Structures are given as C-alpha cells and as structure tokens.
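Reading the structure
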Amino acid sequence: ATCTTGQSKVVAWLQDSEEMDRCAEDLTLCQSNLVELSKILQNLEILQRTQSAPNFTDMQANCVDKKDKRVTRRWRTKSVSKDAKIQLQVPFSATMSPVRLHSSNPNLCADIEFQSPPSHAPDPLESSTDYLKLQEEFCLMAQKVHSLLKSAFNSIAIEKEKLKQMVSEHDFAGHNTQITCLRQSLSQAINQNAELRSRLNRIHSESVICDQVVSVNIIPSPDEAGEQIHVSLPLSQQVSNESRLSMSESVSEFFDAQEVLLSASSSENEASDDESYISDVSDNISEDNTSVADNISRQLLNDELTGGAFRNGRRTCLPTPCPDTSNINLWNILRNNIGKDLSKVSMPVELNEPLNTLQHLCEELEYSELLDKAAESDDPYERMVLIAAFATSGYASTYYRAGSKPFNPVLGETYESIREDKGFRFFSEQVSHHPPISACHCESKNFVFWQDIRWKNKFWGKSMEILPIGTLNVTLPKYGDSYVWNKVTTCIHNILSGRRWIEHYGEITIRNTKSSVCICKLTFIKVNYWNSNVNEVQGVVMDQEGKVVHRLFGKWHEGLYCGVGPSAKCIWRPGSMPTNYERYYGFTRFAIELNELDPALKDLLPRTDARFRPDQRLLEDGDLEAAASEKLRIEELQRSRRRYLEENNMEHVPKFFKYVNSGMCPVWLGLLV
C-alpha cells in the first residue's frame, strides 16, 4: 500500500508539473538550434576551403624548389581560424563529408584528399564578408543554445527539489511508523524484563529460605550438632579464639583491651625510623551474594534462630565521600626528602583512604574465579594463561586509586575474611615492623594462595616510585602445581601538582616449581616519548624448548587477551565501577565491602583486626579532626610499645604465621593451615 501511494504521487507530479513541460519545450528549441548550428558550421568550412585553395600553388612551388624529387604532393589544410584557440566539436548531418579541423601547426595536421576547386572562383572580398556573417550567425545561435540549456537545467533542478521533498515526506511518514512500532516493542520488553526480575527475586528468596531450613534440619541431635559445629568452625572463629588466648598470655604484646584497640594503628607517620609504604595491591569489582553460614552456626549454638540472623547482601556505598585535599601543600612536607625513603615523613590523615594494607592484600583475590578455572583445566598451558590473568587482575583498580594511600598496619595487626560467595577463607597479619612485612594466607577447595610483601618508597620530586619485595604463591592441589611470581614496580606521577596517575612497569615471571612444562613472562610496558600506549601488557607462555605456545596482550586496567589479532580470546576483564566512585576514593564494589563491620562479628573478631582501627573508622565516617587526633595518639603508642620491647629485650612473635627459611626463598607461612 505504501509503495502504491508513492507511485501515484510521482505520476501526479509528472502530469501536473509546469516546469517539466517548459523544460521539454526548451529542449525541442535547443535541438532545432543545434541543427542550424550544424548547417552554419558546414558553410563556414566550405568558405574556409575556398579561401585557402589559391595558396596551394604557392605551397606546391615552394616544395618543388626545395625537394626536386617530389613532383606532386597532397596539400595540407590550414586551421579554421588562427584566432580560435578552442576546438569545437558539434554533431554533423549524415550528408556531410567527414572533415577534421585543427588549430595546431599545419605541418602536423592530418592529410586530406585534394578536391578540385570549383570552376567559378568567388570574389575574395565577397567571400570574406560572407564568412564574417556566418561567424556572427554561429555565435548568436550558440548563445541561444546556451540560454535554452541553462533554462532547462534550472527547470530540472527545481523539479528535482520538489521530487526530493515528496520522497522525504514519504520516508518520514514510514520512519514514524517504524519508531512507533519499536517503542511499543521496547515497552513490552521492559515489562517482561521487570516481570522476569520479580520472578527471579522470588525464586532466590525462596531458595535461600530452603537452604537455611535444610542447614538446620541436617543436625540429628543437640549433642552431635555441637560436636559437628565445633569440628567445622569457620576460620574466623578459629583465629579469634586463638587470638583471645594470645592476648591473655602476653601483656607486653597487647597490654589490655583498650591499649590493643589503640595499638592496632598506623605506623606510617612516625617522625623517627618507622617505615611507611603505599601498596600497589589492586582491588577490583565484585557483586557479592549472601554470607550466612557463620551466622547460622552461631545462632544454633545460642539456640537463637531468628530472621534477623540472615543477610542478603553487603553495603554498596561508603558512609561519607572522601575529603577535599586540594588545600594540602605536599611540597612543604616532602621538599627535604627528595631521593629518600618516605618512612620518616608524617602525612596528613586526609591523604589516607579508609582501608588497611592487610585489606589490600585481600583485594588481590577479587578475581579468584580465575584460580578456580585453572584448577578445572587439564591443559597445563591453559592453566598458566589463567594464572597470568590472575596476576594481572591484581593491578586493575589502582587506576582509580592514585589520589590516596592505605593505612599501614602496626606490628601484630590482623585482618580476616570469609567469602562463601567466592569459596575462600583469608587472613593476614603484620609480621614484621623493621622492615615492614605483611603476610597473608588464603585457601579454598580448589587452590591455596599466600604471599609476604614489603615495599620501599622513593620520592623523586614529581613522582614517587614503589618497589615491591617478595613473592606470590598459588598451589593447585588437583594437579600438584605450585606457581610463584613477583610484582612489578609502581610509580605515582604528579605527586605535588596536577592530576595524579599511577603506572606499573617491569616484568613478571611465573614459574611452576613442580613442573618445567611451561613458563610465562608478562611485561608491563613503561610509558615513554616513543610509546604513548599507557597501561599496556604483553606476554608469552613458552614450553620447555622456549617455543611460544600462547601470546598474551591487553591493558592491566581493561583486560587480558590470549591469541593474535581479532581472533584473540578475552581471558579476563574487570567489571564496572560503582556510581560516583570518584567521590568515594575511587573504591570498587569489592573495596567498599572490605572495611564493613558486621555487628554479628564484633564479638568474634580479635581486637587486633583492622576493622577496629579508630583512626581508619573515623576517616570512613568523615570525622577528619577526630581521625587526625587518634592517628597521632596511636603513633605515639606504637613508639612507646616499641621502646618497651627493646628495653626488655623482647621480640615480637606473630600469632598466625611462622618464618620459614628454606634457602633461596624464605617465606612466612600461615600456622592455621
């Protein structure tokens, strides 16, 4: 129907258009004028031939004088007019003989067959007058043809615009119909999506309730239940119980509960010889599910199974935005420390973020599903690729975190986390103060992860370089693999002015100490004058003979790919950032959850846990004045505690880690393994 309507409009336009009729008349006149022009041009050629004929005798005589061997030759035509610089080409009538006109050198003109001049030679003066008249007629007729063609062109242009307008109106009407249909389809899809979402929510809530009921009913009797729960106590309770015993045994270590609360603080701002460092451990993005197993166990022990004991999510935003640091003059703080370690420099609390370095170590496990996938792959080369992706993912969220630094833990400070949604248990401890060393241990049914890391800082005026020392380790019990790799150097640019940005550069070498089947090398490329691609990562997985099996490339804040060119496969990609992340320290969703203190855990966590730090908690709540005051008080307490240990010749013994010097690579290993 639409096509028929369009055709009828075009037919009506052709029948009613006056401009097209006028154009047809102009073209008819133009055709007749062209015929007249052809005749005039024919007469001009005849006159030209007549005027040039007498010159043939002279030309022939000259040729005989110069070349005796030539008796006869054909004569050459002159150009139509020496003044005419342009060669005109017009259609000739069928009765005219083919004639070729030239305006170039007569000697280069094409030869024509000589025809005898007419018997009666006209008067030269009369022929000249006729020639001029024909020229005038030719010019006038040419002007008429030009004006007619111009008029016809204008008419066609006008009609073209009319036709274009009609077609566009027709298309616009069709587009409106399509847009209306698309809007209706979109509205239907939105309604269906909302209905499906509500159904999924109901199914999820019902499944959670079913799981909770099942977890309660599987216990046969109170006595057996108590025994089973005691055997399967979560790691947080194991660590917490041992922590309480340790606190009661060592007065010199923790003093009392109040002093412990104060001693679990930052040593980064000591004005003497305490070392501070900035962690380049990255955090990433996660959508966490419900964590209820520990709460159920505790409620069963207390015979209090209430609806409030079940949680269906974690917090999605910090209590307050980050403070404004534009009024802090870092130059006055750092100008006398260029080229030195920043361990002896006191920093304002506004430059910190409400997270601890021990919590940063936990952030490295945000993408632990890569390790789970590696534990399910039978291909050793594919397992190495997944381990490389996990090593790269640890740097992703530092892209947004160059504006602040984490609190540094004091000696004996701890942090623990159990994530049923990810299937791992994590705990960490500050095991050494000089040098400052943070150790962590994480385990799941698929892997075991541990590391001990320390950092050295160097301030170079406009930038600060962070050199990590230590190794990261992952074991996959299913295959007996044990992977070891290092960290790369981190540099924070524009420390004093401008927008700060972070860069990682260096080489990571990943080895399987239990097998020499393959090795992986990742290069974090440093930005320079010749290379403007920031955050670029390139790597290879090689076999025993050094042959490349897989090629890796990407950017540490965007993703890692395996393969070559468009056919490459994406191995890992970070998730999206939360809303207004730039106002909340650049934290990812996973980072937002790390310092959340569940009320049900307050009585179970040891007082050395980082979530009890008063200065860190006050900063998170936006009370800068109180946070700064607590920070100074905690630093002084830290110094007093250290002096007490030195005066009594006492040495700190970590509660949850032991130092194992195995020769080439001494490490701190968790005791609760």
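Before reading on, note that the structure itself is shown above.
Quantities reported herein were computed from a predicted structural model and do not represent experimental measurements.

What counts, and where the lines are drawn
- Residues numbered from 1 in each chain as written.
- Predicted model: local features only at pLDDT ≥ 70, side-chain atom pairs only at ≥ 80, totals over all residues.
- Heavy atoms only, no water.
- Helix = DSSP H or I, 4+ residues; strand = E, 2+ residues; numbered from the N terminus.
- Buried < 20%, exposed > 50% of the residue type's maximum accessible area, 1.4 Å probe, protein only.
- Contact = heavy atoms within 4.5 Å.
- Areas by Shrake-Rupley, 256 points an atom, 1.4 Å probe, with all protein chains shown as cover.
- Polar contact = N/O pair within 3.5 Å; in protein donor to acceptor, adjacent residues only side chain to side chain.
- Salt bridge = Lys/Arg side-chain N within 4 Å of Asp/Glu carboxyl O.
- Expected span 1.5 Å × (residues − 1).
- Core = buried A, V, L, I, M, F, W, Y, C linked by side-chain atoms within 4.5 Å.

**Quick word on the overall build of the protein chain**
In terms of regular secondary structure, the protein chain is built from 16 helices and 17 strands. Counting every position in the protein chain, which comprises 673 residues, the buried fraction comes to 44%. Put simply, 65% of the contacts in the protein chain that link residues at least 6 apart link residues at least 24 apart. When the accessible area of the protein chain is evaluated, it comes to approximately 37,000 Å², of which 54% is carbon and sulfur surface.

**A look at the side chain of glutamate 353**
Mapped onto the elements, glutamate 353 comes out in strand E1 (residues 352–356). Classification of glutamate 353 by relative accessible area gives buried; the value is 1%. Engagement of the side chain of glutamate 353 in a polar contact is seen with the side chain of serine 404, the distance being 3.0 Å. Setting aside residues no more than four positions away along its own chain, glutamate 353 makes contact with His360, Arg401, Ser404, Lys405, Pro406, Phe407, Tyr585, Phe587 and Leu619.

**Some remarks on the pattern of salt bridges**
The full count for this structure, using the stated rule, is 20 salt bridges. With a shortest N-O distance of 3.3 Å, glutamate 636 and arginine 639 are connected by a salt bridge. Residue glutamate 636 and its partner arginine 639 are located together in helix H16 (residues 624–647), separated by three residues, close to a single helical turn. Of the residues examined, glutamate 636 reaches a relative accessible area of 38% and is grouped as partly exposed. With a shortest N-O distance of 3.3 Å, glutamate 646 and arginine 642 are connected by a salt bridge. Of this pair, glutamate 646 and arginine 642 both sit in helix H16, four residues apart, which is roughly one turn of the helix. Shared partners join several salt bridges into a network, and the residues in it are Lys631, Glu635, Glu636, Arg639 and Arg643.

**A short note on the side chain of histidine 557**
Relative to the helices and strands, histidine 557 resides in the loop between strand E13 (548–555) and strand E14 (559–562). Note on histidine 557: relative accessible area 16%, which makes it buried. A polar contact is formed between the side chain of histidine 557 and the side chain of asparagine 535, at a distance of 3.1 Å. Within the structure, histidine 557 has its side chain in polar contact with the side chain of glutamate 558 (distance 3.4 Å). Discounting residues that sit within four places of it in the chain, histidine 557 has contacts with Ala396, Tyr399, Asn535 and Pro574.

**Brief notes about the environment of aspartate 372**
Checked against the element boundaries, aspartate 372 lands in helix H12 (residues 369–374). Exposure remark for aspartate 372: the relative accessible area of 16% places this residue in the buried category. Once the C-alpha coordinates of aspartate 372 and lysine 422 are considered, the two residues, 50 residues apart in sequence, prove to be 9.4 Å apart. Aside from chain neighbours lying at most four places away, what touches aspartate 372 is Lys422, Ser444, Asn446 and Phe447.

**Observations concerning H16**
Across its 24 residues, H16 extends 35 Å between first and last C-alpha, which sits within 8% of the 34 Å expected from 1.5 Å per residue. Within two residues after H16, asparagine 649 carries a phi angle of roughly 50 degrees, on the positive side.

**Thoughts on unusual backbone geometry**
The phi torsion of most residues other than glycine is negative, and most of the peptide bonds are trans. One non-glycine residue, asparagine 494, lies in the positive phi region at around 55 degrees. By the secondary structure assignment, asparagine 494 is in the loop between strand E9 (489–493) and strand E10 (501–512). The class for asparagine 494 is partly exposed, based on a relative accessible area of 29%. Here asparagine 535, not a glycine, exhibits a phi torsion of approximately 65 degrees, which is positive. Tracing the backbone shows asparagine 535 in the loop between strand E11 (518–524) and strand E12 (536–543).

**A word on the nonpolar core**
Counting 74 residues, the largest nonpolar core has Phe426, Phe449, Trp485, Ile510, Leu522 and Leu552 as its most contacted members. In terms of residue count, helix H13 (residues 380–393) provides more of this core than any other element does, eight residues in total. Ignoring sequence-local partners within four residues, the contact set of tryptophan 485 consists of Ile387, Phe390, Ala391, Thr471, Leu472, Val474, Ile508, Thr509 and Ile510. Membership of the second largest hydrophobic core comes to twelve residues, among which are Leu37, Leu41, Leu44 and Phe138.

Any functional reading would require information beyond the geometric quantities listed.
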